[in-house]
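Report on the structure
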Amino acid sequence: MFAYYTFLSRKVPHPIGHNALAGATYLLVFLLYLTMIFTGLALYAEHRPGGAMHVLLSPLYWLFSNQGMRLTHHMVMWLIIAFAIHHVYSAWLMDVKERGGVMSSIFGGYKPVKRKE
(Lines give C-alpha, C1' and ligand atoms only; values in the text may rest on other atoms or scores of the structure.)
Protein backbone atom coordinates (compact mmCIF):
# COMPACT_ATOMS: atom_id res chain seq x y z
CA MET A 1 0.00 0.00 0.00
CA PHE A 2 2.88 2.34 0.83
CA ALA A 3 4.46 1.68 -2.56
CA TYR A 4 1.18 2.50 -4.29
CA TYR A 5 0.66 5.73 -2.33
CA THR A 6 4.18 6.89 -3.17
CA PHE A 7 3.81 5.99 -6.87
CA LEU A 8 6.41 3.21 -6.69
CA SER A 9 3.85 0.62 -7.82
CA ARG A 10 0.99 0.85 -10.30
CA LYS A 11 -0.83 -2.18 -8.88
CA VAL A 12 -3.87 -1.13 -6.84
CA PRO A 13 -4.20 -3.19 -3.65
CA HIS A 14 -7.75 -4.32 -2.85
CA PRO A 15 -8.05 -4.88 0.89
CA ILE A 16 -11.46 -5.23 2.50
CA GLY A 17 -11.95 -2.26 4.80
CA HIS A 18 -8.87 -0.38 5.90
CA ASN A 19 -5.48 -1.70 4.89
CA ALA A 20 -2.64 -2.50 7.32
CA LEU A 21 -0.92 0.82 6.66
CA ALA A 22 -4.10 2.69 7.57
CA GLY A 23 -4.48 0.71 10.79
CA ALA A 24 -0.93 1.52 11.89
CA THR A 25 -1.40 5.15 10.90
CA TYR A 26 -4.58 5.47 12.96
CA LEU A 27 -2.70 4.15 16.00
CA LEU A 28 -0.03 6.79 15.42
CA VAL A 29 -2.66 9.52 14.98
CA PHE A 30 -4.32 8.45 18.24
CA LEU A 31 -0.95 8.80 20.00
CA LEU A 32 -0.48 12.22 18.39
CA TYR A 33 -3.89 13.29 19.73
CA LEU A 34 -2.93 12.15 23.22
CA THR A 35 0.34 14.08 22.94
CA MET A 36 -1.57 17.20 21.88
CA ILE A 37 -4.01 16.85 24.78
CA PHE A 38 -1.42 16.29 27.48
CA THR A 39 1.09 18.89 26.29
CA GLY A 40 -1.72 21.41 25.83
CA LEU A 41 -3.07 20.80 29.33
CA ALA A 42 0.44 20.96 30.77
CA LEU A 43 1.10 24.28 29.05
CA TYR A 44 -2.22 25.59 30.35
CA ALA A 45 -1.48 24.34 33.88
CA GLU A 46 1.74 26.38 34.03
CA HIS A 47 -0.38 29.45 34.74
CA ARG A 48 -1.19 28.05 38.18
CA PRO A 49 1.84 26.23 39.64
CA GLY A 50 0.86 23.99 42.53
CA GLY A 51 -2.69 23.56 41.21
CA ALA A 52 -4.28 20.14 40.78
CA MET A 53 -3.68 19.97 37.03
CA HIS A 54 -0.06 21.12 37.44
CA VAL A 55 0.58 18.42 40.04
CA LEU A 56 -1.19 15.78 37.95
CA LEU A 57 0.89 16.59 34.86
CA SER A 58 4.20 17.02 36.71
CA PRO A 59 5.86 14.04 34.90
CA LEU A 60 5.68 16.06 31.68
CA TYR A 61 7.62 18.88 33.33
CA TRP A 62 10.38 16.39 34.14
CA LEU A 63 10.53 15.21 30.51
CA PHE A 64 10.27 18.57 28.74
CA SER A 65 11.36 22.10 29.32
CA ASN A 66 8.71 24.75 28.72
CA GLN A 67 10.09 25.47 25.25
CA GLY A 68 10.43 21.76 24.47
CA MET A 69 6.80 21.20 25.39
CA ARG A 70 5.69 24.11 23.21
CA LEU A 71 7.79 22.83 20.31
CA THR A 72 6.38 19.31 20.70
CA HIS A 73 2.83 20.67 20.80
CA HIS A 74 3.49 22.79 17.71
CA MET A 75 5.15 20.01 15.69
CA VAL A 76 2.40 17.52 16.50
CA MET A 77 -0.14 20.11 15.32
CA TRP A 78 1.57 20.20 11.92
CA LEU A 79 1.73 16.40 11.76
CA ILE A 80 -2.02 16.18 12.38
CA ILE A 81 -2.68 18.80 9.68
CA ALA A 82 -0.44 16.86 7.26
CA PHE A 83 -2.32 13.66 8.12
CA ALA A 84 -5.65 15.35 7.37
CA ILE A 85 -4.40 16.51 3.97
CA HIS A 86 -3.01 13.06 3.16
CA HIS A 87 -6.20 11.39 4.35
CA VAL A 88 -8.33 13.39 1.93
CA TYR A 89 -5.82 12.70 -0.87
CA SER A 90 -5.69 8.95 -0.29
CA ALA A 91 -9.47 8.66 0.13
CA TRP A 92 -10.00 10.48 -3.15
CA LEU A 93 -7.31 8.41 -4.87
CA MET A 94 -8.89 5.16 -3.74
CA ASP A 95 -12.32 6.44 -4.82
CA VAL A 96 -11.01 7.14 -8.32
CA LYS A 97 -8.92 3.98 -8.69
CA GLU A 98 -11.23 1.46 -7.03
CA ARG A 99 -14.43 3.14 -8.26
CA GLY A 100 -16.06 2.43 -4.91
CA GLY A 101 -17.88 5.73 -4.75
CA VAL A 102 -16.98 6.51 -1.14
CA MET A 103 -15.85 10.12 -1.66
CA SER A 104 -18.26 10.70 -4.52
CA SER A 105 -21.17 9.80 -2.27
CA ILE A 106 -20.14 12.51 0.20
CA PHE A 107 -20.60 15.19 -2.44
CA GLY A 108 -23.19 13.65 -4.74
CA GLY A 109 -25.32 11.73 -2.29
CA TYR A 110 -25.28 8.63 -4.50
CA LYS A 111 -23.10 5.57 -4.12
CA PRO A 112 -23.20 2.92 -6.84
CA VAL A 113 -23.65 -0.56 -5.42
CA LYS A 114 -22.96 -3.64 -7.52
CA ARG A 115 -25.67 -6.26 -7.49
CA LYS A 116 -24.60 -9.66 -6.25
CA GLU A 117 -25.24 -12.18 -8.94
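Below is a summary of the structure that appears in this document. In this text, all values refer to a predicted model and were calculated from it rather than measured experimentally. (Residues numbered from 1 in each chain as written. Predicted model: local features only at pLDDT ≥ 70, side-chain atom pairs only at ≥ 80, totals over all residues. Heavy atoms only, no water.)

1. Looking at the overall build of the protein chain
Scanning the protein chain from terminus to terminus reveals six helices and zero strands. When the elements of the protein chain are put in sequence order from the N terminus, they spell out α-α-α-α-α-α. Within the protein chain, buried positions represent 22% of all 117 residues. Look at the contacts in the protein chain between residues 6 or more apart in sequence, and 43% of them connect residues 24 or more apart. For the protein chain, the computed accessible surface area is about 9,200 Å², with 69% contributed by carbon and sulfur atoms. (Helix = DSSP H or I, 4+ residues; strand = E, 2+ residues; numbered from the N terminus. Buried < 20%, exposed > 50% of the residue type's maximum accessible area, 1.4 Å probe, protein only. Contact = heavy atoms within 4.5 Å. Areas by Shrake-Rupley, 256 points an atom, 1.4 Å probe, with all protein chains shown as cover.)

2. Re the nonpolar core
Judged by nonpolar contacts, Ala42, Leu43, Ala45, Leu57, Leu60, Tyr61 and Met69 together constitute the single largest core of seven residues. Within the residue set of this core, elements represented by two or more residues are helix H2 (20–45) and helix H4 (58–63). In terms of residue count, the dominant contributor to this core is H2 (three residues). Residues in contact with Ala45, not counting those within four places in the same chain, are Met53, His54 and Tyr61. (Core = buried A, V, L, I, M, F, W, Y, C linked by side-chain atoms within 4.5 Å.)

3. Looking at the environment of Val12
Along the chain, the position of Val12 falls in the loop between helix H1 (2–5) and H2. The class of Val12 is buried, set by a relative accessible area of 19%. Each C-alpha atom, one on Val12 and one on Lys97, is 7.4 Å from the other, the two residues being 85 residues apart in sequence.

4. Topic: the packing of aromatic side chains
Per the counting criterion, the structure on display carries one aromatic pair. Ring geometry for Tyr26 and Phe83: centres 6.0 Å apart, planes at 80°, overall edge-to-face. Here Phe83 lies in helix H5 (residues 66–98) and Tyr26 lies in helix H2, a separation of 57 residues in the sequence. Classification of Phe83 as buried rests on a relative accessible area of 17%. (Phe/Tyr/Trp six-rings, centres within 6.5 Å; stacked < 30°, edge-to-face > 60°.)

5. Comments concerning the side chain of Thr39
As for its position among the elements, Thr39 is in helix H2. Here Thr39 falls in the buried class, since its relative accessible area comes to 2%. Here Thr35 takes part through its backbone oxygen, which lies 2.7 Å from a polar atom of the side chain of Thr39. If we ignore the near neighbours within four places in the chain, the residues touching Thr39 are Leu60, Met69, Thr72 and His73. (Polar contact = N/O pair within 3.5 Å; in protein donor to acceptor, adjacent residues only side chain to side chain.)

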